[in-house]
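Chain by chain, the residues run as shown.
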Amino acid sequence: MMKKMSMPTSKTSLVLFLCQIISALDVPLDSKLLEELSQPPTITQQSPKDYIVDPRENIVIQCEAKGKPPPSFSWTRNGTHFDIDKDAQVTMKPNSGTLVINIMNGGKAEAYEGVYQCTARNERGAAISNNIVIRPSRSPLWTKEKLEPNHVREGDSLVLHCRPPVGLPPPIIFWMDNAFQRLPQSERVSQGLNGDLYFSNVQPEDTREDYICYARFNHTQTIQQKQPISVKVFSTKPVTERQPVLLTPTGSTSTKVELRGNVLLLECIAAGLPTPVIRWIKEGGELPANRTFFENFRKTLKIIDVSEADSGNYKCIARNTLGSAHHVISVTVKAAPYWITAPRNLVLSPGEDGTLICRANGNPKPSISWLANGVPIAIAPEDPSRKVDGDTIIFSHVQERSSAVYQCNASNEYGYLLSNAFVNVLAEPPRILTPANKLYQVIADSPALLDCAYFGSPKPEIEWFKGVKGSILRGNEYVFHDNGTLEIPVAQKNSAGTYTCVARNELGKIQNEVQLEIKDPTMIIKQPEYKVIQRYGQVSFECIIKHDSTLLPTVTWLKDNDELPDDDRFLVGKDNLTIMNVTDKDDGTYTCIVNTTLDSVSASAVLTVVAAPPTPAIIYARPNPPFDLELTGQLERSIDLSWIPGDENNSPITNFVIEYEDALHEPGVWHYQTEVPGTQTTVHLKLSPYVNYSFRVIAVNKIGRSQPSEPSEQYLTKSASPDENPANVQGIGSEPDNLVITWEPLKGFQSNGPGLQYKVSWRQKDVDDEWTSVIVANVSKYIVSGTPTFVPYEIKVQALNDLGYAPEPSEVIGHSGEDLPMVAPGNVQVHVINSTLAKVHWDPVPLKTVRGHLQGYKVYYWKVQSLSRRSRRHVEQKILTFRGNKTFGMLPGLEPYSSYKLNVRVVNGKGEGPASPDKVFRTPEGVPSSPSFLKITNPTLDSLTLEWGSPTHPNGVLTSYTLKFQPINNTHELGPLVEIRIPANESSLILKNLNYSTRYKFYFNAQTSVGSGSQITEEAVTIMDEVQPLYPRIRNVTTAAAETYANISWEYEGPDHVNFYVEYGVAGSKEDWKKEIVNGSRSFFVLKGLTPGTAYKVRVGAEGLSGFRSSEDVFETGPAMASRQVDIATQGWFIGLMCAVALLILILLIVCFIRRNKGGKYPVKEKEDAHADPEIQPMKEDDGTFGEYSDAEDHKPLKKGSRTPSDRTVKKEDSDDSLVDYGEGVNGQFNEDGSFIGQYSGKKEKEPAEGNESSEAPSPVNAMNSFV
């Protein structure tokens, strides 16, 4: 056995492992490239460590290896050189290291027993095989012995000893009689694990003279027989009953050591009368589920795939009516070495760094030793680039002479593991593997991917050029992939041409040209249309197409997504499909599909077939059920069924459907078996083994199906081995260190016999491991523990039953469990495209660090502050997910002139990896929103005073305001327009030199350096003779819009008791204005039933004042978005607050009730009586408390100038600190070309609690929700 040499372990080994530089080269799987590159030897095939051979056949010891140049082979035997040239019986296969020892021509297998090891060597290093122990199998004869007859009293126990000869491998034992029939076994009589035959108590029928023990030696295919043993049972009356006594094992306790992964077999056989029953328990725990089986009539406890957790005390209890006996077996599970991380090959460039890591576990802990080219590393030639640190070899600044093959040996007292891993240092000039002048053709506006597969050492740098003398390609319109591929996300006509790929490193330079052609997309310019046709008529569908002249289209017609019926009535023309003599079967959906080599388009239309005018017809009905079913010709796998048809009821029977019931596995459930034409009344049926069949027949005509016939008699088929294996075999890890193998179990009738089980096998892919197999019960899952994280496994599941195995199953590839990604994306860059859009780039993380299936990347971003206000406030993060191995994405919906932060994280099936460092970026200025208000006061004969508020969202630094105004005559005609530019720091203006008694219309907006924002309009009139005008006036019309409704408010000056109305319509539409009457004289109204994302115009008028109404205002409803914010009504703090408010109100009501009953005055009413203003008091702006109580009869309008609607919702533009901005982030996604397909949403504004006519103060709940 190979042992490890001791060496010190540095305390820094763990740190070095965590911080190692992953710099190994990836060698493309290009056959021509692999043939040209030098490579150290790799053992590809070898014989098993413990190799038992048949002494009658030639001994073949396998050793195959690959390398460049091809390796030479040598062997050692028992630790010394084995010179095959000196032994005429030994030859080595050509171009191979496999030895053939000729035994069949006079050689003796015993002469070649020993420990063999193969070495494969070339100029780059030497790889070695495992120690292969060669032992010939042995099947010695039974020693002759004189056996005395066994005379036993009825009811006593008896043990018949087998004591087979010691063979290699050990024989299989079974008991038979002289007629070669197996002796029956039961709870009373059974064979032990050692081969002895145990009788718990003998009975008279046990008397016989031919108890014969047989030993079968599988390697030599021989069976040895012991001399017959005679047993004679004599009776005594009465037979004495006895309590249980254990025959094996003896004593009260024993010990058992088993290795991890093996099958643990524990046995208890007891004597007693009546026959004892055996029960098993684990002290202080439970027997492992899904891995525990009971055999030999529960006398043997079998636990498969044991692990260290299965150690403990197992107790067997034998019990009958007279008492019990027990025995405790102390089980210790040890473990031969097993891999945690096996060393992997390294391909490095000169001057690079790398590591070889060898991690193994076992019980006891295995020791680790290293060899270089088959020689212990301590005595191997020194390499200054190499440093050994326990289970890790660290390479620094390697050179070509550093190439070698290293062996890691992990060993303990129960076995060893040996793994070869080479370090191959290559210095290679660049090579381009993509064929020269390769032609790429793509459809316009689609992505184009131009390949430039390359290899070189050191890794070459790749550059792309367009045209013969074009400059190097850069910019956002191109994506450069790490594998050399150039991606043009949106290829246009001008993208066509010659592209040159250049690969260079310090050893040379090479280039390759490819061609790109852009084709016009294929379009259906006239699509098929919906048709309704009477039966027996004719119909035609058109499909006229337009395509690129260089592409050859093919047009295919489908009916209901399937091929057209094979019928001459269907005529396919160049641009149409015609159906002649239409029938009911032609009803359906017809699809025209146009395919070229580059794209495909389709269009569909529905054909509805209707009946001609009805005429009297014969009454048709479904057929009567068949009867008199008869089974004949019974065979193991087939049977004949016949029947007599029932009445067809004026509609000929078209076919018969045969169904079957399996009374053994699924009684009462009928399954489809087959169907035959209506002219046939017998059928030959194929059957499955181990099924109790019953059959029934159903007749079918054009009207429908008959009732089922009465069932036939039952027929039970014989058992057989399974014909098929489980389907849908998968291997997906649920934890980082396991592999969960699942499959769809066979159904009852598929088992073909009793005792259905599954043989589950697995091995790590591309590691040359042997298959590991376990046999499990009829379950659908098996968990392999202790696997490396996210490595591929080959998996197969084979069915078996008591009669044998199913055919060899196919292999599937699964993966052990995923773990969270290890590293964050690097080199995160942000390119700001405009004031609301940015593009983020990052470098993809190495796939090895993903530790799972790469699902994509997530970008977390949030606004830090608005640069125009220089104030910080908390904003929830937004999240965008980019599927696949994307390296860029677009961030839409940003706020202008703001500071943002973002980070990027990689995502696999387990979750997210660490975040990259936060990246700060700023958005440029944008145009401002409209000024928050415009008031016109102090009218005189020739002047007006204008006051305004700055925009709610300046979106930059305000540079100025623009005021435009023009007079309006009595016929509402507009006069000349005057424009005035006002500095940004002004908030009022007095307009002089105006005409007296004249109405003016004003247009007012703000500007930043980017441009002008939305404007606000207002109208005002100069006075006549310095007397306040008596005409009515409606001004300052404002709106607060949500998705489907808008709050309209205004200010009114004029006579009292005026009834208002609101007119509105779609902006820019020529449709008539819609009119809504305002109930009472209030100065607000709620428009409902609006369309989301639509611009509306609105104006307010007064009834009875002919032609008088306000100026128009324009507003836009919010987009229809699904809110992702948390509903405030479900938050714990809000529920608690509302409970506190409700409790406070309840206390106040109780106090008021007590005071009123005592004759006291209601305090709130006192306050109301003393209050001078009869209006409803709003919520206080400064502290958020509720206003004073208002009697329900005081339905007065709000104060003039108030801009808060009665339902207390706050107009979003009026408050930059609206809670709408504090919504949770929205998970969006992008298409492959980076275009945004996600949705952004804020919290929807609450609809008013009352209808259009409500003017009551809001409830506390509504008052709170109005700010959400």
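Just so it is clear, the model here is predicted, and its values are computed rather than measured.

Asker: I keep staring at the pattern of salt bridges and nothing clicks. Help me out?
Answerer: Opposite charge on two side chains permits them to pair, given that their charged atoms come into close proximity. Under the criterion given, the structure shown has 38 salt bridges. Note that aspartate 177 and arginine 208 form a salt bridge whose closest N and O atoms lie 3.3 Å from each other. Within this pair, whereas aspartate 177 is found in the loop between strand 14 (172-176) and strand 15 (189-191), its partner arginine 208 is found in strand 17 (residues 208-217), the two being separated by 31 residues in sequence. In this structure aspartate 177 comes out as buried when scored by relative accessible area, which is 12%. Looking at arginine 208, the relative accessible area reads 26%, which means it is partly exposed. Across the pair lysine 526 and glutamate 542 runs a salt bridge whose closest N-O atoms are separated by 2.9 Å. Of this pair, lysine 526 sits in strand 47 (residues 523-526) while glutamate 542 sits in strand 49 (residues 539-542), and the two are 16 residues apart along the sequence. Among the residues examined, lysine 526 registers a relative accessible area of 36% and is labelled partly exposed.

Asker: Before we go on, may I ask you to explain the sheet that holds strand 16 (residues 197-199) in this structure?
Answerer: The pairing of strands in a sheet happens through backbone hydrogen bonds and is either parallel or antiparallel. The strand order across the open sheet built from 3 strands is 13-16-15, with neighbouring strands paired in antiparallel fashion. Lying at the two open borders of the sheet, with one neighbouring strand each, are strand 13 (158-160) and strand 15. Across the sheet, the axes of successive neighbouring strands diverge by a mean angle of 15°, strand direction being ignored. The pairing of strand 15 with strand 16 spans 3 bridges and is classified as antiparallel.

Asker: Explain the sheet that holds strand 87 (residues 1033-1041) here, please?
Answerer: Overall, antiparallel pairing links the 3 strands, which are arranged 87-88-91 in an open sheet. In this open sheet, the two edge strands, each paired with only one partner strand, are strand 87 and strand 91 (1084-1087). Averaged over all adjacent pairs, the angle separating strand axes in this sheet is 20°, with direction ignored.

Asker: Looking at this structure, how should I read the side chain of asparagine 320?
Answerer: Take asparagine 320: it is sitting in strand 27 (residues 312-320). Judged by relative accessible area, which is 11%, asparagine 320 ranks as buried. Engagement of the side chain of asparagine 320 in a polar contact is seen with the backbone oxygen of proline 274, the distance being 3.0 Å. A distance of 2.9 Å separates a polar side-chain atom of asparagine 320 from the backbone nitrogen of leucine 322. Setting aside anything within four residues of it in sequence, one finds asparagine 320 in contact with Arg242, Gln243, Pro244, Gly272, Leu273, Pro274, Thr275 and Pro276.

The rules behind each value
- Residues numbered from 1 in each chain as written.
- Predicted model: local features only at pLDDT ≥ 70, side-chain atom pairs only at ≥ 80, totals over all residues.
- Heavy atoms only, no water.
- Salt bridge = Lys/Arg side-chain N within 4 Å of Asp/Glu carboxyl O.
- Helix = DSSP H or I, 4+ residues; strand = E, 2+ residues; numbered from the N terminus.
- Buried < 20%, exposed > 50% of the residue type's maximum accessible area, 1.4 Å probe, protein only.
- Pairing = 2+ DSSP bridges.
- Axes fitted to C-alpha atoms, helices over the stretch in contact; angles between N-to-C directions.
- Polar contact = N/O pair within 3.5 Å; in protein donor to acceptor, adjacent residues only side chain to side chain.
- Contact = heavy atoms within 4.5 Å.

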